[in-house]
Amino acid sequence: MPVRIIANCVSKLYYIPYFVVGFTHWHGIGDVMLIDLQKFLSDDKDSIEIEVNTDLKTFSDGFSDYEVLSFPKMTLKLSKAGDKRLACSGKGVITLSVPCDRCLKPVESTFDLDIDEKINFSEDANEDENAVEKDYIDGYCLNIDELINIEILISKPVKTLCKEDCKGLCPVCGTDLNVRECGCDRSSPDPRMSVFKDILNNFKEV
Ligand SMILES: [Zn+2]
Ligand SMILES: [Zn+2]
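Since the model is a prediction, treat every value here as computed from it, not as a measurement. (Residues numbered from 1 in each chain as written. Chains lettered and ligands numbered in written order. Predicted model: local features only at pLDDT ≥ 70, side-chain atom pairs only at ≥ 80, totals over all residues.)

Of the regular secondary structure elements, the protein holds four helices and twelve strands. Counting over 206 residues, the protein shows a buried share of 20%. Once local pairs closer than 6 in sequence are excluded, the contacts in the protein between residues at least 24 apart make up 56%. (Helix = DSSP H or I, 4+ residues; strand = E, 2+ residues; numbered from the N terminus. Buried ≥ 20, exposed ≤ 12 C-beta atoms within 10 Å, placed from the backbone. Contact = placed C-beta atoms within 7 Å.)

This paragraph deals with helix α3 (residues 144-155). Taking 1.5 Å as the rise per residue, α3 with twelve residues should run 16 Å; its terminal C-alpha atoms sit 16 Å apart, in good agreement. For α3, the complete set of buried residues consists of Ile-144, Asp-145, Leu-147, Ile-148, Glu-151 and Ile-152. All buried residues of α3 project into a common sector of 165° when viewed along the axis, lining one side. The outward face of α3, more than 90 degrees from its buried face, is lined by the exposed residues Leu-153 and Ile-154. (Expected span 1.5 Å × (residues − 1). Arc of directions from axis to C-beta.)

Let's shift gears to the pairing of strand β7 (residues 65-70). Across three bridges, the pairing between strand β6 (residues 58-60) and β7 is antiparallel. Bridge assignment links Ser-60 to a residue of β7, and that residue is Asp-65. Connecting β6 to the antiparallel partner β7 that follows it, the hairpin turn spans four residues, and Gly-62 within it adopts a positive phi of roughly 95°. (Pairing = 2+ DSSP bridges.)

Moving on, we get to the environment of Ile-115. Here Ile-115 is to be found in strand β10 (residues 106-120). The exposure class of Ile-115 is partly exposed, given the 19 C-beta atoms found within 10 Å. Between the C-alpha atoms of Ile-115 and Ser-155, which are 40 residues apart in sequence, the distance is 9.7 Å. In this structure Ile-115 touches Leu-76, Cys-88, Ser-89, Gly-90, Leu-147 and Glu-151, once residues within four positions along its chain are discounted.

A separate point is the nonpolar core. In this structure, Ile-35, Ile-50, Leu-76, Leu-78, Leu-142 and Ile-144 are the most contacted members of the largest nonpolar core, which totals 25 residues. Listing elements by their share of this core, those giving two or more residues are β4 (32-36), β5 (47-55), β8 (74-80), β9 (85-99) and α3. The greatest single-element share of this core, amounting to five residues, is contributed by β9. Residues in contact with Leu-78, not counting those within four places in the same chain, are Ser-47, Ile-48, Ile-50, Leu-86 and Cys-88. (Core = buried A, V, L, I, M, F, W, Y, C linked by C-beta atoms within 7 Å.)

Right, let's talk about the confidence of the model for the protein for a bit. Per-residue confidence for the protein gives a mean pLDDT of 78, with 69% of residues at or over 70. Confidence drops under pLDDT 50 across residues 8-31; counting only partners more than four residues distant or on other chains, this segment forms 46 contacts. (pLDDT = per-residue confidence, 0-100.)

Turning next to unusual backbone geometry. Within the chain, Lys-84 stands out as a residue other than glycine whose phi angle is a positive 55°. Mapped onto the fold, Lys-84 is located in the loop between β8 and β9. In this model, Leu-104 sits at a positive phi of 70°, which is unusual for a non-glycine residue. In this structure, Leu-104 sits in the loop between β9 and β10.

Two elements, β7 and β9, share three bridges in a ladder whose sense is antiparallel. Its bridge partner lying in β9, Glu-67 is registered against Ser-97. Across four bridges, β8 lies against β9 in antiparallel orientation. Pairing of Lys-80 across the sheet is with Leu-86, part of β9. Turn length for the β8-β9 hairpin, with the two strands adjacent in sequence and antiparallel, is four residues, and the turn residue Gly-82 shows positive phi of about 100°. For β9 and β10, the ladder comprises 15 bridges, and the chain directions are antiparallel. When the bridges of β10 are listed, Ser-89 appears paired with Asp-116. If you look at the hairpin formed by β9 and β10, you'll find six residues sitting between the two strands, and Leu-104 has a positive phi there, around 70°.

Mapped onto the elements, Lys-118 comes out in strand β10. Judged by C-beta crowding, with 15 C-beta atoms within 10 Å, Lys-118 ranks as partly exposed. Those residues in contact with Lys-118 that sit more than four places away from it in its chain are Ala-81, Arg-85 and Ala-87.

Encoded structure:
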């Protein structure tokens, strides 16, 4: 049986308590949550499991913030895969509140997180691998927050609609066309609404 350790990923606003479980350190330095893997790499254990209890309230993709409606705990498994190499895997599910791409109405968007990463600490790791890994690897430490964030970013559906045939908002007056037809001439949008159009474009009409 692999050793299980508990990792509490909470909002970065909160102080993270110091955990030392078994041979693996789980600690918070300021607002960064790291698991020190150096000892695991050199001992005789084949794998460890990390139970990630998340209290993530919002997810940011760098452009927008999304409310996290549900993020049940998930388990990450770290297995040795050769000299200074690890495989990191885990499955989870998350529900975010995401605005409809067309009408901006909040939509409950549930999607799977399927982490399957190879981590190479050896000196022969090529530059490409390092470039991919450096975001959630800091020295011999695994940054759980960053790993989860990247996974949400990768897994979040590109397209979110409240319904397949959502009619969206009128680009001239902003009326929700699912509710009523406003009668605007939409072939030549009012230039005064250009700010509104920019907001719409940010949500990438699909
Ligand atoms: Zn919609
Ligand atoms: Zn209109």
